[in-house]
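Structural characterization, general
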Amino acid sequence: NAGVTQTPKFQVLKTGQSMTLQCAQDMNHNSMYWYRQDPGMGLRLIYYSASEGTTDKGEVPNGYNVSRLNKREFSLRLESAAPSQTSVYFCASSPKGIGQETQYFGPGTRLLVL
Amino acid sequence: GESVGLHLPTLSVQEGDNSIINCAYSNSASDYFIWYKQESGKGPQFIIDIRSNMDKRQGQRVTVLLNKTVKHLSLQIAATQPGDSAVYFCAENYNNAGNMLTFGGGTRLMVKP
């Protein structure tokens, strides 16, 4: 099993450009998450999907949209990138249910917005 | 609001010594806690977890202690090795948050040879 995979690994954008970050998991997990991590800081939740067909805002959703394409895939879209969105983006997944809160993370996408 | 936090941003230890990384939480409803290790350029990696009905849990070279009285969580690493150098995060889950986790700011562990 590859676990959680993310593409691309690194991206440079100009202000105003758009892009989609891709995430996939092969662990048959129900829940998926997108976080951002800024230098020297912890993880902040952008959006999550508790199950296929549902998405909800997290702590910092402004400027982002998500799509839960199917059970395996959860994408994050920046419609008009801003320098404040320069960050490392992590996708995670977890099984659903009591006692299954552990989240498993992908390797991250490093995004630089100029 | 209630949050998870860490006492020490950086911890430097000698190879072979034991390391203790601390975490304070303020949400009394939290019932599940996780420690993650993040190496440079990589995603967080699960180390160990503990539920609120326990006060201690041991893994391979790692032990997590939970003190609910003072809302304190610690990660102990025995015989610290250079490969343990990383940033360590604690995270909490409270019972009305589904599978969502709240993360602390992280502690950097540096192991001196």
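How each quantity is defined
- Residues numbered from 1 in each chain as written.
- Chains lettered and ligands numbered in written order.
- Predicted model: local features only at pLDDT ≥ 70, side-chain atom pairs only at ≥ 80, totals over all residues.
- Heavy atoms only, no water.
- Helix = DSSP H or I, 4+ residues; strand = E, 2+ residues; numbered from the N terminus.
- Rg over C-alpha atoms; globule rule 2.2 N^0.38 Å.
- Buried < 20%, exposed > 50% of the residue type's maximum accessible area, 1.4 Å probe, protein only.
- Areas by Shrake-Rupley, 256 points an atom, 1.4 Å probe, with all protein chains shown as cover.
- Lys, Arg positive; Asp, Glu negative; His and termini not counted.
- Charge placed at Lys NZ, Arg CZ, Asp CG, Glu CD.
- Contact = heavy atoms within 4.5 Å.
- Buried area = accessible area lost by both parts, 1.4 Å probe.
- pLDDT = per-residue confidence, 0-100.
- Pairing = 2+ DSSP bridges.
- Axes fitted to C-alpha atoms, helices over the stretch in contact; angles between N-to-C directions.
- Polar contact = N/O pair within 3.5 Å; in protein donor to acceptor, adjacent residues only side chain to side chain.

**Describing the overall build of chain A**
- Within chain A one finds zero helices and eleven strands.
- Compactness check: chain A gives a C-alpha radius of gyration of 13 Å against a globular reference of 13 Å for 114 residues, within 12% of the reference.
- Considering only C-alpha atoms, chain A reaches an extent of 40 × 25 × 25 Å along its principal axes.
- Burial analysis of chain A (114 residues in total) assigns 47% to the buried set.
- For chain A, the computed accessible surface area is about 5,300 Å², with 50% contributed by carbon and sulfur atoms.
- With 11 positive and 8 negative side-chain charges, chain A shows a separation of 6 Å between the mean positions of the two kinds.

**Comments concerning the interface of chain A and chain B**
- Taken together, the contact between chain A and chain B spans 24 residues of the former and 20 residues of the latter.
- Carbon and sulfur atoms make up 53% of the area that chain A and chain B hide from each other, which totals about 1,500 Å².
- Broken down by secondary-structure element, the contributors of at least two residues to the side of chain A that touches chain B are β4 (31-37), β5 (43-49) and β9 (87-94) of chain A.
- Per-element tally for the side of chain A that touches chain B: the top contributor is β4 of chain A, with four residues.

**A few points about the environment of Asp 31 of chain B**
- Looking at the secondary structure, you find Asp 31 of chain B in strand β4 (residues 30-38).
- Sequence-wise, Asp 31 of chain B and Lys 112 of chain B are 81 residues apart; in three dimensions their C-alpha atoms are separated by 35 Å.

**With respect to the confidence of the model for chain B**
- Summarising the model, chain B shows a mean pLDDT of 88, and 88% of its residues fall at 70 or more.
- Every residue in residues 1-8 of chain B scores below 50 in pLDDT, and together they form 32 contacts with partners more than four places removed in sequence or on other chains.

**Quick word on the sheet that holds strand β1 (residues 4-7) of chain A**
Residues and elements named next belong to chain A.
- The antiparallel open sheet is built from four strands, whose spatial order is β1-β3-β8-β7. Two strands in the sheet have a free side with no partner beyond their single neighbour: β1 and β7 (65-68). On average, adjacent strands in this sheet sit at an angle of 15 degrees to one another, irrespective of strand direction.
- With four bridges joining them, β7 and strand β8 (residues 74-78) adopt antiparallel strand pairing. When the sheet's bridge partners are listed, Asn 65 is paired in β8 with Arg 77.

**Description of the environment of Ser 19 of chain B**
Residues and elements named next belong to chain B.
- Here Ser 19 is to be found in strand β3 (residues 19-25).
- Residues Ser 19 and Lys 68, spaced 49 residues apart in sequence, show a C-alpha to C-alpha distance of 21 Å.
- Dropping the residues within four chain positions of it, Ser 19 is found in contact with Leu 11, Val 13, Leu 75, Gln 76, Ile 77, Thr 80 and Leu 109.
- Side chain to side chain, Ser 19 and Thr 80 meet in a polar contact 2.7 Å long.

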